[in-house]
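Fold and contact review
So you can see what is in the structure, the chains are spelled out below.
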Amino acid sequence: MQNNALELSSQNENENSLSSFIKPHLGKWSIDSCKLWIPFHNVEILDQSIFDTKLVISQSTGELESTFKTNAAKIHEDGIKTKYCYLSMPYKDQDGSDQLREYIVVLFNSKLLKERYFAGISERTIKDVYIELMKHEKVVFTYEDFLNSTLTDTDWKCDVMLGEDGYERMAKFLKSNTKDSRKLGSGYHEKNSQTNRGIQFSTRQNAVPSKPFFKLYAKAIELRNNSPEFLPSLFGSHSLENLAKLDGLYRLEFTVKNSNFYQAFNLGERSLTSALNWSEDKVKALSRSIIMKHLISEPRVKAKQSEKMKPMDRLFLGLLEDMVNRDKSIKRMYQIIDETFDSGEPSDRKAKSTYKSKFEKLYAEHFENLKKCQVSEVAQNAAEYFGIGDEFLKS
C-alpha cells in the first residue's frame, strides 16, 4: 500500500520539484535530536573544558541543579550545535552510604548528517552520527557503548508535504478537538507569521506523560529563519533555490522526555539501540497516544449488525454509523440523496424515495433513540431556524 504521506505529496504542486534528499523520507519516522547519557567509566576525555561546568542532579528532586543548555560545553559549526557535559548523580547505596553515578551527557541532532538531514537519526544513519561526534575530539567512547547508553529528551519527527490548505485542515481538526483546560500551559498555542507557522501543545520543558509535547510546523519557514548557517551544508551552493522547493513541507515532532514517559507508554528499554529498532508502527502508535492526550476522544457509536442483513443494508448501516459519529443529523443523508438524484427523471424520483425510506428505517432501528443523535437533531433544527441549515449540514 502506498504511504499516506506520499499520497499527500502527490497532491502538492511541488511534488515534481522535490529533490531526492527529501522524497524518500516523507512519511517516515526517525529521531531528530536526543540527549545521550554515557557512563563516565566508558569515556576517555580529550578536552578538559568539559569539566569547566559540572552539573549535579538533585537526589531529592531528580532535577538538574543548573541548566544543561546554558552550562554545557558547546560545539557550533556551520549551524550544527552539539553539547557535552559532565554530570553526577548522588544516591544512597543499600547500606546507606553516599555514592555517585557519573556520566558524560551529549546532546546532538540530525544536522550532523548534513545533506542527509531529512533522513533523520535511524539505524541506517547512526554510524555516521557517531563518526561526526568523534571528529569533535572532545571525548572518545566505543560505538558499542554509544549504542547502549541511555536516552532522554528524544525528539521524533515525521515530514509530510501537507501544503498550506492541508495544514489549515489539520490545525482546524486539532483545535476543534482540544480538551478544555484552565491550567496554564494546557491546550494549544498557534503561530502564523512569516517567521513561524505551526501549532504546538505543551512545552518540552514542562512536558509530562499526561500532557506531552508535540508540534506541527512549516519546516521551510523554520529552516529559513532559525538555521540559515546550516543551509549550505544541507543544500550546497543553491540553498535558497532548494529551500523554496520545500514550501508546503510540514513536520510533526514529539518528545519522549524521560523514564516516566517510557513507563507511561510502555516503551521498554531506554537505550539508543532499542529506540533505533522501533518499528514504524510502534512510533506511529506512540505518536497517536501522545497527540490524543490533548484531544477529546469520545467513544464511537457502533451499530449491531445482524448476520441476516443483506450486504447493501450493512453498507448503508456503516454509512449511517460514520455520519452519527461525526455528529450529523439524518437530514444530511437525505441531503446527499437529493443532490445525487436531482435530474427530475422518474428513475431518480424513485431512487430518492427508495433510499430515503431505507436509511430512515435503519436510522430508526439503530440510532434514533441515542442521546448523541438527539443532540444532533436539536442542533440541526436550531441551525434551520437561524437560516443556516444547509451550511450546518455540510460543516
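Everything that follows concerns the structure shown earlier in this document.
The structure contained in this document is the topic of the report that follows. (Residues numbered from 1 in each chain as written. Predicted model: local features only at pLDDT ≥ 70, side-chain atom pairs only at ≥ 80, totals over all residues. Heavy atoms only, no water.)

It is worth spelling out the environment of Cys 373 at this point. Tracing the backbone through its elements, the reader meets Cys 373 in helix H15 (residues 371-385). A residue is classified by how much of its surface remains accessible, and Cys 373, at 3% relative accessible area, is buried. Each C-alpha atom, one on Cys 373 and one on Val 301, is 10.0 Å from the other, the two residues being 72 residues apart in sequence. Ignoring any residue separated from it by four or fewer positions in sequence, one finds Cys 373 in contact with Val 324, Tyr 363 and Phe 367. (Helix = DSSP H or I, 4+ residues; strand = E, 2+ residues; numbered from the N terminus. Buried < 20%, exposed > 50% of the residue type's maximum accessible area, 1.4 Å probe, protein only. Contact = heavy atoms within 4.5 Å.)

If you look at the biggest cluster of nonpolar residues, it comprises 76 residues, and the most contacted ones within it are Phe 108 and Phe 146. Counting residues in each nonpolar core, the second largest holds 16 residues, with Leu 317, Val 324, Met 333 and Leu 362 among its members. (Core = buried A, V, L, I, M, F, W, Y, C linked by side-chain atoms within 4.5 Å.)

Bridging between strand S9 (residues 188-192) and strand S10 (residues 197-201) involves five bridges; their strand directions are antiparallel. Of the residues in S10, the one forming a bridge with Glu 190 is Ile 199. Counted between consecutive antiparallel strands, the loop separating S9 from S10 contains four residues. (Pairing = 2+ DSSP bridges.)

Positive phi, close to 55°, is recorded for Lys 114, a residue that is not glycine. Among the structural elements, Lys 114 can be located in the loop between strand S6 (98-109) and helix H3 (126-135). Among the residues examined, Lys 114 registers a relative accessible area of 33% and is labelled partly exposed. For Asp 327, which is not glycine, the phi dihedral falls at a positive 60°. Examined against the element boundaries, Asp 327 turns out to sit in the loop between helix H12 (311-325) and helix H13 (330-340). Asp 327 sits in the partly exposed class, given a relative accessible area of 43%.

What follows concerns the pattern of salt bridges. Enumeration according to the criterion identifies 22 salt bridges in this entry. Lys 157 is the partner of Asp 159 in a salt bridge, and the nearest nitrogen-oxygen pair spans 3.5 Å. A relative accessible area of 0% means that Asp 159 is categorised as buried. Under the relative-accessibility criterion, Lys 157 is labelled buried at 1%. Residues Lys 361 and Glu 365 are paired through a salt bridge, measuring 2.7 Å at the closest nitrogen-oxygen approach. A residue pair is termed a helical-turn pair when its members lie 3 or 4 positions apart in one helix, as Lys 361 and Glu 365 do in helix H14 (residues 346-366) at four residues. The partly exposed category is assigned to Glu 365, whose relative accessible area is 48%. (Salt bridge = Lys/Arg side-chain N within 4 Å of Asp/Glu carboxyl O.)

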